[in-house]
Amino acid sequence: MTAPYHPVESPDETTIFPYHDLTPPTTADVYHAHQVVSRYLSQTPLVRSEFLSAEFGADVYLKREDILPTGAFKVRGGINLVSQLDDGFHDPGLISASTGNHGQSIAYAGRMFDIPVTIVVPEDANPSKVTEMERLGAAVRFHGDAFDDAREHAEELAADEGYRYVHSANEPALVSGVGTAGLEIVEDLPDIDYLFCPVGGGSSAAGYCLTVGTLTEATVIGAQSEAAPAMHRAWTEGHLASHEQMETSAEGIATRVPFALTMNVLRNQLPEFDLVSEHAIKEGVRDLFTEERIPAEGACAASLAAMRQRQEELRGQTVVFPISGRNISPATLRSIVGNTNHL
Ligand SMILES: *Cc1c(COP(=O)(O)O)cnc(C)c1O
(Lines give C-alpha, C1' and ligand atoms only; values in the text may rest on other atoms or scores of the structure.)
Protein backbone atom coordinates (compact mmCIF):
# COMPACT_ATOMS: atom_id res chain seq x y z
CA MET A 1 0.00 0.00 0.00
CA THR A 2 1.35 3.48 -0.77
CA ALA A 3 0.99 6.18 1.82
CA PRO A 4 -1.45 8.87 0.66
CA TYR A 5 0.15 11.43 2.96
CA HIS A 6 3.69 12.40 3.81
CA PRO A 7 4.76 14.32 6.88
CA VAL A 8 5.01 18.08 6.52
CA GLU A 9 7.17 20.49 8.45
CA SER A 10 6.08 20.69 12.07
CA PRO A 11 6.62 23.61 14.44
CA ASP A 12 7.26 21.19 17.31
CA GLU A 13 9.20 17.94 17.56
CA THR A 14 6.25 15.76 16.65
CA THR A 15 5.26 14.63 13.19
CA ILE A 16 2.32 16.24 11.46
CA PHE A 17 0.65 15.56 8.13
CA PRO A 18 -0.97 17.94 5.61
CA TYR A 19 -4.39 17.37 7.14
CA HIS A 20 -3.19 18.81 10.48
CA ASP A 21 -4.29 22.42 10.50
CA LEU A 22 -2.60 24.03 13.48
CA THR A 23 -4.83 27.09 13.61
CA PRO A 24 -6.09 27.21 17.20
CA PRO A 25 -9.84 26.88 17.57
CA THR A 26 -11.92 29.84 18.71
CA THR A 27 -14.67 30.03 21.31
CA ALA A 28 -17.14 29.91 18.40
CA ASP A 29 -15.58 26.61 17.31
CA VAL A 30 -16.27 25.24 20.77
CA TYR A 31 -19.93 26.21 20.41
CA HIS A 32 -20.01 24.35 17.10
CA ALA A 33 -18.38 21.34 18.72
CA HIS A 34 -21.00 21.45 21.46
CA GLN A 35 -23.74 20.98 18.88
CA VAL A 36 -22.00 17.80 17.75
CA VAL A 37 -20.87 16.44 21.10
CA SER A 38 -24.20 17.03 22.85
CA ARG A 39 -25.86 14.73 20.32
CA TYR A 40 -23.78 11.83 21.58
CA LEU A 41 -22.94 12.61 25.22
CA SER A 42 -25.08 13.80 28.13
CA GLN A 43 -24.02 16.90 30.02
CA THR A 44 -21.88 15.95 33.01
CA PRO A 45 -22.89 17.16 36.49
CA LEU A 46 -21.22 19.96 38.38
CA VAL A 47 -21.37 18.89 42.02
CA ARG A 48 -20.39 20.79 45.16
CA SER A 49 -17.79 18.95 47.21
CA GLU A 50 -18.60 19.33 50.90
CA PHE A 51 -15.23 17.90 51.86
CA LEU A 52 -13.20 20.32 49.77
CA SER A 53 -15.50 23.28 50.42
CA ALA A 54 -14.89 22.74 54.14
CA GLU A 55 -11.16 22.25 53.69
CA PHE A 56 -10.74 25.44 51.68
CA GLY A 57 -13.44 27.58 53.31
CA ALA A 58 -14.65 28.03 49.74
CA ASP A 59 -17.32 26.77 47.35
CA VAL A 60 -15.58 23.96 45.54
CA TYR A 61 -17.33 22.21 42.66
CA LEU A 62 -16.32 19.04 40.84
CA LYS A 63 -17.06 18.75 37.14
CA ARG A 64 -17.72 15.02 36.90
CA GLU A 65 -16.03 14.17 33.62
CA ASP A 66 -15.30 10.74 35.03
CA ILE A 67 -18.88 9.64 34.39
CA LEU A 68 -18.56 10.03 30.62
CA PRO A 69 -18.21 6.86 28.55
CA THR A 70 -14.52 5.77 28.75
CA GLY A 71 -14.28 7.45 32.17
CA ALA A 72 -12.42 10.56 31.02
CA PHE A 73 -13.07 13.92 29.35
CA LYS A 74 -11.11 13.15 26.19
CA VAL A 75 -14.03 11.34 24.55
CA ARG A 76 -15.58 14.76 23.88
CA GLY A 77 -12.70 15.56 21.56
CA GLY A 78 -12.63 12.11 19.97
CA ILE A 79 -16.29 12.29 19.02
CA ASN A 80 -15.97 15.81 17.65
CA LEU A 81 -12.95 14.91 15.51
CA VAL A 82 -14.03 11.52 14.23
CA SER A 83 -17.60 12.64 13.44
CA GLN A 84 -16.22 15.18 10.95
CA LEU A 85 -13.57 13.08 9.21
CA ASP A 86 -13.53 12.81 5.44
CA ASP A 87 -14.69 9.46 4.08
CA GLY A 88 -11.24 9.14 2.51
CA PHE A 89 -9.82 8.43 5.95
CA HIS A 90 -12.01 5.40 6.65
CA ASP A 91 -9.51 2.95 5.17
CA PRO A 92 -7.10 1.86 6.64
CA GLY A 93 -8.50 3.90 9.49
CA LEU A 94 -7.10 5.89 12.38
CA ILE A 95 -3.89 5.51 14.32
CA SER A 96 -2.87 7.25 17.49
CA ALA A 97 -0.46 6.98 20.38
CA SER A 98 -1.69 7.12 23.92
CA THR A 99 -1.01 6.26 27.52
CA GLY A 100 -4.69 5.36 27.69
CA ASN A 101 -7.49 7.89 27.82
CA HIS A 102 -6.84 9.50 24.44
CA GLY A 103 -6.68 6.01 22.95
CA GLN A 104 -9.95 5.05 24.61
CA SER A 105 -11.53 8.22 23.27
CA ILE A 106 -10.46 7.51 19.68
CA ALA A 107 -11.42 3.84 20.02
CA TYR A 108 -14.86 4.84 21.31
CA ALA A 109 -15.41 7.37 18.53
CA GLY A 110 -14.07 4.99 15.87
CA ARG A 111 -16.52 2.33 16.96
CA MET A 112 -19.34 4.88 16.96
CA PHE A 113 -18.61 5.99 13.39
CA ASP A 114 -17.47 2.60 12.14
CA ILE A 115 -13.82 3.45 11.43
CA PRO A 116 -11.01 1.02 12.33
CA VAL A 117 -8.68 2.26 15.07
CA THR A 118 -5.12 1.29 15.98
CA ILE A 119 -3.57 2.62 19.18
CA VAL A 120 0.14 2.42 20.00
CA VAL A 121 0.81 2.36 23.73
CA PRO A 122 4.05 2.21 25.73
CA GLU A 123 5.05 -1.27 26.95
CA ASP A 124 4.16 -0.45 30.56
CA ALA A 125 0.76 1.09 29.78
CA ASN A 126 -1.90 0.98 32.49
CA PRO A 127 -3.43 -2.49 31.87
CA SER A 128 -6.96 -1.35 32.75
CA LYS A 129 -6.80 1.24 29.97
CA VAL A 130 -5.38 -1.27 27.46
CA THR A 131 -8.18 -3.75 28.20
CA GLU A 132 -10.74 -1.02 27.72
CA MET A 133 -9.30 0.05 24.35
CA GLU A 134 -9.49 -3.57 23.20
CA ARG A 135 -13.06 -3.89 24.43
CA LEU A 136 -13.91 -0.86 22.34
CA GLY A 137 -12.59 -2.70 19.31
CA ALA A 138 -9.22 -0.99 18.83
CA ALA A 139 -6.11 -2.89 17.74
CA VAL A 140 -3.52 -2.16 20.44
CA ARG A 141 0.20 -2.27 19.65
CA PHE A 142 2.86 -1.96 22.32
CA HIS A 143 5.98 0.04 21.62
CA GLY A 144 8.76 1.60 23.71
CA ASP A 145 9.24 2.74 27.27
CA ALA A 146 7.21 5.92 27.31
CA PHE A 147 4.51 7.87 25.52
CA ASP A 148 6.96 9.58 23.17
CA ASP A 149 8.38 6.25 21.95
CA ALA A 150 4.85 5.03 21.23
CA ARG A 151 4.07 8.35 19.56
CA GLU A 152 7.06 8.15 17.21
CA HIS A 153 6.12 4.61 16.25
CA ALA A 154 2.53 5.64 15.50
CA GLU A 155 3.84 8.51 13.37
CA GLU A 156 6.01 6.09 11.36
CA LEU A 157 3.14 3.67 10.85
CA ALA A 158 0.92 6.53 9.66
CA ALA A 159 3.54 7.60 7.11
CA ASP A 160 4.25 4.03 5.94
CA GLU A 161 0.78 2.55 5.91
CA GLY A 162 -1.49 5.50 5.26
CA TYR A 163 -3.45 5.68 8.49
CA ARG A 164 -5.02 8.99 9.49
CA TYR A 165 -2.77 9.96 12.39
CA VAL A 166 -4.75 11.46 15.24
CA HIS A 167 -2.30 13.68 17.08
CA SER A 168 -2.93 13.97 20.80
CA ALA A 169 -2.85 17.77 20.80
CA ASN A 170 -2.23 19.29 17.36
CA GLU A 171 -5.85 18.76 16.32
CA PRO A 172 -8.20 21.76 16.55
CA ALA A 173 -11.24 19.45 16.61
CA LEU A 174 -9.94 17.68 19.71
CA VAL A 175 -9.37 20.95 21.54
CA SER A 176 -12.76 22.38 20.61
CA GLY A 177 -14.46 19.10 21.49
CA VAL A 178 -12.79 18.96 24.88
CA GLY A 179 -13.70 22.61 25.41
CA THR A 180 -17.39 21.71 25.50
CA ALA A 181 -16.93 20.79 29.17
CA GLY A 182 -16.14 24.44 29.80
CA LEU A 183 -19.32 25.60 28.07
CA GLU A 184 -21.34 23.30 30.31
CA ILE A 185 -19.67 24.79 33.39
CA VAL A 186 -20.39 28.34 32.24
CA GLU A 187 -24.03 27.40 31.69
CA ASP A 188 -24.38 25.82 35.13
CA LEU A 189 -22.32 28.28 37.16
CA PRO A 190 -21.24 31.50 35.45
CA ASP A 191 -19.87 33.09 38.64
CA ILE A 192 -16.63 31.21 39.10
CA ASP A 193 -13.44 32.69 40.51
CA TYR A 194 -11.00 29.89 39.72
CA LEU A 195 -10.82 26.83 37.54
CA PHE A 196 -7.93 24.40 38.08
CA CYS A 197 -6.99 22.01 35.33
CA PRO A 198 -4.21 19.46 34.78
CA VAL A 199 -1.95 19.94 31.77
CA GLY A 200 -0.58 17.01 29.79
CA GLY A 201 -0.82 17.69 26.06
CA GLY A 202 -2.72 20.84 26.96
CA SER A 203 -6.01 20.21 25.14
CA SER A 204 -8.09 20.37 28.27
CA ALA A 205 -6.49 23.55 29.60
CA ALA A 206 -6.78 25.15 26.15
CA GLY A 207 -10.46 24.20 26.05
CA TYR A 208 -11.07 25.81 29.45
CA CYS A 209 -9.19 28.96 28.41
CA LEU A 210 -11.42 29.29 25.34
CA THR A 211 -14.59 28.90 27.40
CA VAL A 212 -14.43 29.56 31.15
CA GLY A 213 -11.39 31.82 30.67
CA THR A 214 -12.99 33.79 27.84
CA LEU A 215 -16.66 33.90 28.84
CA THR A 216 -16.32 34.49 32.60
CA GLU A 217 -14.14 36.44 35.02
CA ALA A 218 -12.56 33.22 36.29
CA THR A 219 -8.82 32.66 36.43
CA VAL A 220 -7.87 29.37 34.79
CA ILE A 221 -4.87 27.74 36.48
CA GLY A 222 -2.96 24.86 34.91
CA ALA A 223 -1.20 22.18 36.96
CA GLN A 224 1.59 19.81 36.02
CA SER A 225 3.85 17.50 37.97
CA GLU A 226 7.27 18.93 38.75
CA ALA A 227 8.59 15.47 37.77
CA ALA A 228 7.37 15.98 34.17
CA PRO A 229 7.41 19.73 33.50
CA ALA A 230 7.78 19.93 29.69
CA MET A 231 4.66 21.99 29.05
CA HIS A 232 5.33 24.23 32.04
CA ARG A 233 8.87 24.89 30.78
CA ALA A 234 7.61 25.69 27.31
CA TRP A 235 4.91 28.00 28.69
CA THR A 236 7.35 29.83 30.99
CA GLU A 237 10.24 30.08 28.55
CA GLY A 238 8.35 30.52 25.29
CA HIS A 239 9.75 27.63 23.26
CA LEU A 240 8.75 24.11 22.20
CA ALA A 241 11.88 22.24 23.24
CA SER A 242 11.44 18.81 24.76
CA HIS A 243 12.37 18.19 28.37
CA GLU A 244 14.14 14.97 29.26
CA GLN A 245 12.83 14.65 32.78
CA MET A 246 9.56 12.75 32.78
CA GLU A 247 9.07 10.64 35.86
CA THR A 248 5.53 11.27 36.93
CA SER A 249 3.41 8.34 38.04
CA ALA A 250 0.40 10.16 36.58
CA GLU A 251 0.38 8.85 33.02
CA GLY A 252 -2.36 11.26 31.92
CA ILE A 253 0.09 14.16 32.21
CA ALA A 254 3.32 12.37 31.26
CA THR A 255 4.59 14.20 28.18
CA ARG A 256 8.13 15.02 27.20
CA VAL A 257 7.52 17.17 24.14
CA PRO A 258 5.39 20.32 24.22
CA PHE A 259 2.82 20.62 21.44
CA ALA A 260 2.55 23.62 19.13
CA LEU A 261 -1.20 24.10 18.87
CA THR A 262 -2.10 23.83 22.52
CA MET A 263 0.97 25.80 23.62
CA ASN A 264 -0.09 28.57 21.26
CA VAL A 265 -3.42 28.85 23.12
CA LEU A 266 -1.86 28.46 26.57
CA ARG A 267 0.87 31.06 25.96
CA ASN A 268 -1.79 33.56 24.95
CA GLN A 269 -4.61 32.69 27.28
CA LEU A 270 -3.53 30.69 30.33
CA PRO A 271 -2.78 33.22 33.07
CA GLU A 272 -1.31 30.88 35.71
CA PHE A 273 0.47 27.54 35.59
CA ASP A 274 1.67 25.72 38.72
CA LEU A 275 4.00 22.79 39.29
CA VAL A 276 3.04 20.32 42.00
CA SER A 277 4.88 17.49 43.72
CA GLU A 278 4.31 13.79 43.11
CA HIS A 279 3.63 13.44 46.82
CA ALA A 280 0.85 16.02 46.69
CA ILE A 281 -0.65 14.28 43.64
CA LYS A 282 -0.81 11.00 45.57
CA GLU A 283 -2.33 12.71 48.59
CA GLY A 284 -4.97 14.12 46.25
CA VAL A 285 -5.75 10.66 44.84
CA ARG A 286 -6.02 9.32 48.37
CA ASP A 287 -8.33 12.09 49.59
CA LEU A 288 -10.60 12.02 46.55
CA PHE A 289 -11.04 8.33 47.12
CA THR A 290 -11.44 8.29 50.88
CA GLU A 291 -13.54 11.48 51.18
CA GLU A 292 -15.45 11.60 47.91
CA ARG A 293 -15.30 7.91 46.93
CA ILE A 294 -13.98 8.91 43.52
CA PRO A 295 -11.19 6.79 42.00
CA ALA A 296 -9.46 9.79 40.45
CA GLU A 297 -6.35 9.42 38.34
CA GLY A 298 -3.13 11.07 39.41
CA ALA A 299 -3.48 13.46 36.48
CA CYS A 300 -6.77 14.66 37.90
CA ALA A 301 -5.38 15.03 41.41
CA ALA A 302 -2.72 17.43 40.10
CA SER A 303 -5.46 20.10 40.15
CA LEU A 304 -6.21 19.45 43.80
CA ALA A 305 -2.49 19.58 44.57
CA ALA A 306 -2.30 23.01 42.91
CA MET A 307 -5.33 24.21 44.88
CA ARG A 308 -3.62 23.20 48.10
CA GLN A 309 -0.65 25.40 47.21
CA ARG A 310 -3.04 28.36 47.02
CA GLN A 311 -5.07 27.74 50.17
CA GLU A 312 -5.06 31.38 51.32
CA GLU A 313 -6.02 32.80 47.96
CA LEU A 314 -8.99 30.45 47.58
CA ARG A 315 -10.73 31.24 50.86
CA GLY A 316 -14.28 32.50 50.21
CA GLN A 317 -13.98 31.91 46.46
CA THR A 318 -15.90 29.73 44.01
CA VAL A 319 -13.60 27.11 42.59
CA VAL A 320 -14.18 24.41 39.98
CA PHE A 321 -11.99 21.48 39.24
CA PRO A 322 -12.69 18.75 36.75
CA ILE A 323 -12.55 15.12 37.72
CA SER A 324 -10.74 14.56 34.46
CA GLY A 325 -10.60 10.77 34.62
CA ARG A 326 -11.28 7.73 36.77
CA ASN A 327 -9.12 5.14 35.02
CA ILE A 328 -6.54 4.71 37.73
CA SER A 329 -5.30 1.14 37.78
CA PRO A 330 -6.58 -0.84 40.77
CA ALA A 331 -3.00 -1.67 41.77
CA THR A 332 -2.00 2.01 41.86
CA LEU A 333 -5.12 2.98 43.77
CA ARG A 334 -4.50 0.20 46.28
CA SER A 335 -0.89 1.23 46.78
CA ILE A 336 -1.90 4.83 47.48
CA VAL A 337 -5.01 4.29 49.57
CA GLY A 338 -4.04 1.14 51.38
CA ASN A 339 -0.50 1.93 52.35
CA THR A 340 0.51 5.37 53.56
CA ASN A 341 4.18 4.31 53.41
CA HIS A 342 3.93 4.74 49.65
CA LEU A 343 3.27 8.44 49.95
C1 LIG B 1 -5.21 13.49 29.17
C2 LIG B 1 -5.56 13.70 30.59
C3 LIG B 1 -5.21 14.87 31.26
C4 LIG B 1 -4.41 15.96 30.59
O5 LIG B 1 -5.15 16.54 29.55
P6 LIG B 1 -4.45 17.20 28.29
O7 LIG B 1 -5.57 17.68 27.50
O8 LIG B 1 -3.62 16.16 27.62
O9 LIG B 1 -3.59 18.29 28.84
C10 LIG B 1 -5.63 15.02 32.56
N11 LIG B 1 -6.33 14.07 33.20
C12 LIG B 1 -6.66 12.92 32.60
C13 LIG B 1 -7.43 11.91 33.36
C14 LIG B 1 -6.29 12.69 31.27
O15 LIG B 1 -6.64 11.56 30.67
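Look up a bit, the structure's there.
None of the values given here were measured: they were computed from a predicted structure.

**Comments concerning the overall build of the chain**
Okay, step 1: Per the secondary structure count, the chain includes 16 helices and 10 strands.
Okay, step 2: Computed over the C-alpha atoms, the radius of gyration of the chain is 18 Å, within 12% of the 20 Å expected from 2.2 N^0.38 for a compact globule of 343 residues.
Okay, step 3: Counting only C-alpha atoms and orienting by the principal axes, one finds that the chain spans roughly 60 × 45 × 40 Å.
Okay, step 4: Sorting the 343 residues of the chain into buried and exposed places 62% on the buried side.
Okay, step 5: A separation threshold of at least 6 residues defines the contact pool for the chain, and within that pool the share at least 24 residues apart is 73%.

**Focus: the pairing of strand 5 (residues 139-142)**
Okay, step 1: Pairing analysis gives 4 bridges linking strand 4 (residues 117-121) to strand 5, with the strands arranged parallel. The residue of strand 5 that forms the bridge with Val121 is Phe142.
Okay, step 2: The parallel pair strand 4 and strand 5 is bridged by helix 5 (residues 127-135), and the resulting crossover is right-handed.

**Thoughts on the sheet that holds strand 8 (residues 219-225)**
Okay, step 1: In spatial order, the strands read 1-2-10-7-8-9; together these 6 strands make up an open sheet with mixed pairing. The open sheet terminates on both sides in strands that have one partner only, identified here as strand 1 (46-48) and strand 9 (272-276). In this sheet, adjacent strand axes meet at a mean angle of 25° when their direction is disregarded.
Okay, step 2: Where strand 1 meets strand 2 (residues 59-63), 3 bridges bridge the pair, whose relative direction is antiparallel. Residue pairing across strands places Leu46 opposite Lys63, the latter belonging to strand 2.

Scoring rules and cut-offs
Residues numbered from 1 in each chain as written. Predicted model: local features only at pLDDT ≥ 70, side-chain atom pairs only at ≥ 80, totals over all residues. Heavy atoms only, no water. Helix = DSSP H or I, 4+ residues; strand = E, 2+ residues; numbered from the N terminus. Rg over C-alpha atoms; globule rule 2.2 N^0.38 Å. Buried < 20%, exposed > 50% of the residue type's maximum accessible area, 1.4 Å probe, protein only. Contact = heavy atoms within 4.5 Å. Pairing = 2+ DSSP bridges. Right-handed = clockwise from strand over helix to strand, strands pointing away. Axes fitted to C-alpha atoms, helices over the stretch in contact; angles between N-to-C directions.

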